[in-house]
Amino acid sequence: MERNEIELRPSGEWIRTLPVEDMPAQSWWIVRNGSGGVERGTGESPFLGVSEPNGERTSDDVLVVGCPEERAWLLVGAVSCRRSPTYLTAVYRSRTLRGIRVVQPDLREGDGPEEIVALRGDDWRALLRRYGELCAERTGARPAEREPPAGWCSWYCHGAAVTERDVLAAADALAARRADFPARVVQIDSGYQLRDGDWTGALRPGWPSPLRETAAAVRARGLEAGIWTAPFHAAPESDVFRAHPEWFVRGRDGRPLLVRGFTSSLWATLDASRPDVRAHLAETFRTLRSWGFSYFKLDALGFAIPDGVFADPAATPVSALRAGLAAIREAVPDAWILGCGAHHLATHGLVDANRMGCDTAADSVPKIEHAALQTLAKFWTFGRWFAPDPDVVVVRDGVPDGAARISALAGILTGYAFSGDRVETLPPGRLALLGRAARLRVRGVRPASGVEPSLWPRLFLGALADGRSAAAVLNARDEPFSVDPAALEGFPAGTPVEELLRPLGAVDLRAFSVPPHDAALLVPATC
């Protein structure tokens, strides 16, 4: 595998087009990256074949182009995000690759560019894994030595109407079923706060006890307490906004910049280029940690990089975000931090985990599938950047059997298994499936080599903790999928195969297929 350093020099808006003369002209196959789940709601696969004669395809941070017939692949990617995101665009004319445009829009005159590397090789999966390693080497980021905890999140049961009673009932149910589902964390999601931004302030009706007492009650049941915040945002009616309007990113008119968030509130964004704002963030999280919370979900991080005016004229949206995240990380060094909605490379080294795709939904099979597939498309970050969060596992009654297995498989392939259900209401079979999502773990996950352009992969390879090779099928299409034994890398020839997800036990691959919108987990049989 060849690696080249590419130097960017200032040019207008920091735009450069990289030549690709040494690539086959018909490099029509593309792997795109959507940082933070930019494919949300579309279901579009990041594995694309160029069909139109003239066109452009843009990707966040990293882009792979290539010619499968000649096994020639080129990866171009940013390995830093200190001050600006990087956007890469493959430019085609007459269905021929003409160049790759690199844009780093937030860099200022006098800034050094974000570092770009180019890798060439005959396996696009290996190029992406090597790119993930290079990013980690450059930033010094390493995933937490701790495994992600299993747990429960209130949002998919109760939404913004969650009450203290709901949370403690869930804690009781988890404690009583620890042998079935080894949960460690009870995470309160949005709905406890009276006003966005006042995370340690007034609570909504339904919370008769202070948060300190709620956390203590969860811990008394042998579980850890977790809590949701959107730490960089505040509603205009919040105490923090009314007391300190100068703390917020401004628009060109000099007034605080307001955006429509995904709660019922308008949001202003804290300007973490200010030392007093960083002190406020640190104090907020030190307080929550002192109250007994040790798991923090930091949501809406994608909203935290607005195109506005910062107090520090040298700041950029990314540099301010990183300064604020660093203040939080330093304030709670022993806590687990989950980022959500973030530009992933911008959070390198500052979070333990990141949501990797869109939200799931218990009432939507496509959303369950897209949440899993968007997460698995970023397989090259697993074990290299941070723990990958695929959103919660939903296996409740009403979720079709196949979709429940897909949701559980996402937990197995990422090692991140939070329940979004009322576990006390789960039938025995669904509770057992949730338990498998928490106990089974496949490492070294990667798509099988035979990915079809413009379609999501269906076969992923890896290994269980006991060293056995594993093959996971996630069939989000409308037709059954039969597994070709030749595609099962690492499976000893002639060894019987068993299925673990249902579980079916021993299966004959000659007669076995995975139904539409269903999943399976295959391993060599132990006897």
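Refer to the structure presented above.
Residues numbered from 1 in each chain as written. Predicted model: local features only at pLDDT ≥ 70, side-chain atom pairs only at ≥ 80, totals over all residues. Heavy atoms only, no water.

Chemist: Tell me about helix 1 (residues 124-139), and please be specific about residues and values.
Modeler: Between its first and last C-alpha atoms helix 1 spans 23 Å; for 16 residues at 1.5 Å apiece the expected length is 22 Å, and the two agree. Listed in full, the buried residues belonging to helix 1 are Trp-124, Arg-125, Leu-127, Leu-128, Tyr-131, Gly-132, Leu-134, Cys-135 and Ala-136. Its side-chain oxygen placed 2.9 Å from the backbone nitrogen of Arg-125, Asp-123 serves as the N-cap of helix 1. (Helix = DSSP H or I, 4+ residues; strand = E, 2+ residues; numbered from the N terminus. Expected span 1.5 Å × (residues − 1). Buried < 20%, exposed > 50% of the residue type's maximum accessible area, 1.4 Å probe, protein only. Polar contact = N/O pair within 3.5 Å; in protein donor to acceptor, adjacent residues only side chain to side chain.)

Chemist: Residue-level account of the packing of helix 9 (residues 401-414) against helix 10 (residues 428-439), with values.
Modeler: Relative orientation and spacing of two packed helices are given, respectively, by the angle between their axes and the distance between those axes. Where helix 9 contacts helix 10, the two axes come as close as 8 Å, and the packing angle between them is 25°. In this view, helix 9 runs roughly parallel relative to helix 10, as classed from their interaxial angle. Contacts between helix 9 and helix 10 involve Asp-401, Ala-404, Arg-405, Ala-408, Gly-411 and Ile-412 from the first element and Arg-430, Leu-433, Arg-436 and Ala-437 from the second. Of the residues assigned to the contact of helix 9 with helix 10, the class counts are five nonpolar, one polar and four charged. (Axes fitted to C-alpha atoms, helices over the stretch in contact; angles between N-to-C directions. Parallel < 35°, antiparallel > 145°, perpendicular 65-115°, else oblique. Contact = heavy atoms within 4.5 Å. Nonpolar A, V, L, I, M, F, W, Y, C, P; charged D, E, K, R; others polar.)

Chemist: Just give me the short version of the environment of Arg-405, but keep the residues and values in it.
Modeler: Note on placement: Arg-405 falls in helix 9. Expressed as a C-alpha distance, the spacing of Arg-405 and Ile-116, which sit 289 residues apart in the sequence, is 39 Å. Beyond its immediate stretch of four places on either side in the chain, Arg-405 contacts Leu-433, Leu-501, Arg-502, Asp-518 and Ala-519.

Chemist: Describe in detail the side chain of Arg-468, supporting the description with residues and values.
Modeler: You can see Arg-468 is positioned in the loop between strand 23 (459-464) and strand 24 (469-475). Only 2.9 Å separates the side chain of Arg-468 from the side chain of Asp-466, close enough to count as a polar contact. A distance of 3.1 Å separates a polar atom in the side chain of Arg-468 from a polar atom in the side chain of Glu-498. In this structure Arg-468 touches Gly-462, Ala-463, Glu-498, Val-523, Pro-524, Ala-525 and Thr-526, once residues within four positions along its chain are discounted.

Chemist: Explain helix 8 (residues 365-376) to me, using residue names and the numbers behind them.
Modeler: The terminal C-alpha atoms of helix 8, which comprises twelve residues, lie 17 Å apart, in line with the 16 Å expected from a rise of 1.5 Å per residue. Burial of helix 8 is extensive: nine of the twelve residues sit out of reach of the surface. Burial in helix 8 covers these residues: Ile-368, Glu-369, His-370, Ala-371, Ala-372, Leu-373, Gln-374, Thr-375 and Leu-376. Where helix 8 is buried, its residues contact strand 20 (387-389), helix 9, strand 22 (442-447), strand 23 and strand 24. N-cap assignment for helix 8: the residue whose side-chain oxygen lies 3.2 Å from the backbone N of Lys-367 is Ser-364.

Chemist: Got a sec to walk through the environment of Trp-247? Specific residues and values, please.
Modeler: Relative to the assigned elements, Trp-247 resides in the loop between helix 5 (239-243) and strand 15 (258-260). Along the chain, Trp-247 and Asp-22 lie 225 residues apart, while their C-alpha atoms are 51 Å from each other. If near-sequence neighbours (up to four positions away) are discounted, Trp-247 is found in contact with Val-240, Thr-269, Leu-270, Asp-271, Arg-274, Asp-276, Val-277 and His-280.

Chemist: Go over the sheet that holds strand 29 (residues 518-524) with me, naming the residues and quoting the values.
Modeler: By way of backbone hydrogen bonds, the strands of a sheet pair with one another, either parallel or antiparallel. As summarised here, the arrangement of the six strands in space is 22-23-24-29-26-27, forming an open sheet in which the pairing is antiparallel. Strand pairing shows two members of the sheet lacking a second neighbour, strand 22 and strand 27 (505-507), which therefore form its edges. Sheet twist, expressed as the mean angle between neighbouring strand axes with direction ignored, is 30°. Bridge count between strand 23 and strand 24: five bridges; the pairing is antiparallel. Across the sheet, Phe-460 pairs through a bridge with Ala-472, a residue of strand 24. Running over the sheet, helix 8 touches strand 22, strand 23 and strand 24 and is turned about 135° from strand 24. (Pairing = 2+ DSSP bridges.)

Chemist: Can you explain the packing of aromatic side chains? Please cite residues and give values.
Modeler: Under the defined criterion, the tally for this structure stands at 18 aromatic pairs. Considering the side-chain rings of Trp-385 and Phe-386, the 5.9 Å spacing of their centres and the 80° angle between planes classify their relative orientation as edge-to-face. What makes Phe-386 buried here is its relative accessible area of 0%. (Phe/Tyr/Trp six-rings, centres within 6.5 Å; stacked < 30°, edge-to-face > 60°.)

Chemist: For the sheet that holds strand 16 (residues 266-269), give the residues involved together with the corresponding values.
Modeler: Pairing in this open sheet of three strands is antiparallel, and the strands run 14-16-15 from one edge to the other. Every interior strand has two partners, whereas the edge strands, strand 14 (233-234) and strand 15, have only one.

Chemist: Residue-level account of unusual backbone geometry, with values.
Modeler: That bond from Arg-502 to Pro-503 is cis: its omega, -10°, falls within 30 degrees of zero. In this fold, Pro-503 is placed in the loop between strand 26 (497-499) and strand 27. Although it is not a glycine, Arg-71 adopts a positive phi angle of roughly 50°. Residue position: Arg-71 is located in the loop between strand 6 (62-67) and strand 7 (72-78).

Chemist: Can you break down the nonpolar core residue by residue, with the values?
Modeler: Judged by nonpolar contacts, the single largest core of 151 residues is most densely connected at Val-65, Trp-124, Leu-128, Tyr-131, Phe-293, Phe-296 and Leu-521. Ranked by residues supplied to this core, first place goes to helix 9 with eight residues. Not counting residues up to four positions away in its chain, the partners in contact with Leu-521 are Leu-409, Ile-412, Leu-440, Val-442, Ala-470, Ala-471, Ala-472, Glu-498, Glu-499, Leu-500 and Leu-501. With 16 residues, the next largest nonpolar core counts Leu-461, Phe-481, Leu-509 and Phe-512 among its residues. (Core = buried A, V, L, I, M, F, W, Y, C linked by side-chain atoms within 4.5 Å.)

Chemist: Report on the pattern of salt bridges, specifying residues and quantitative values.
Modeler: Pairs can form between side chains of opposite charge whenever their charged atoms are close. In total, this model carries 38 salt bridges according to the counting rule given. One salt bridge connects Arg-510 with Asp-508, and the closest N-O pair in it is separated by 3.0 Å. Linked by salt bridges that have partners in common, Asp-123, Arg-125, Arg-446 and Glu-489 make up one network. (Salt bridge = Lys/Arg side-chain N within 4 Å of Asp/Glu carboxyl O.)

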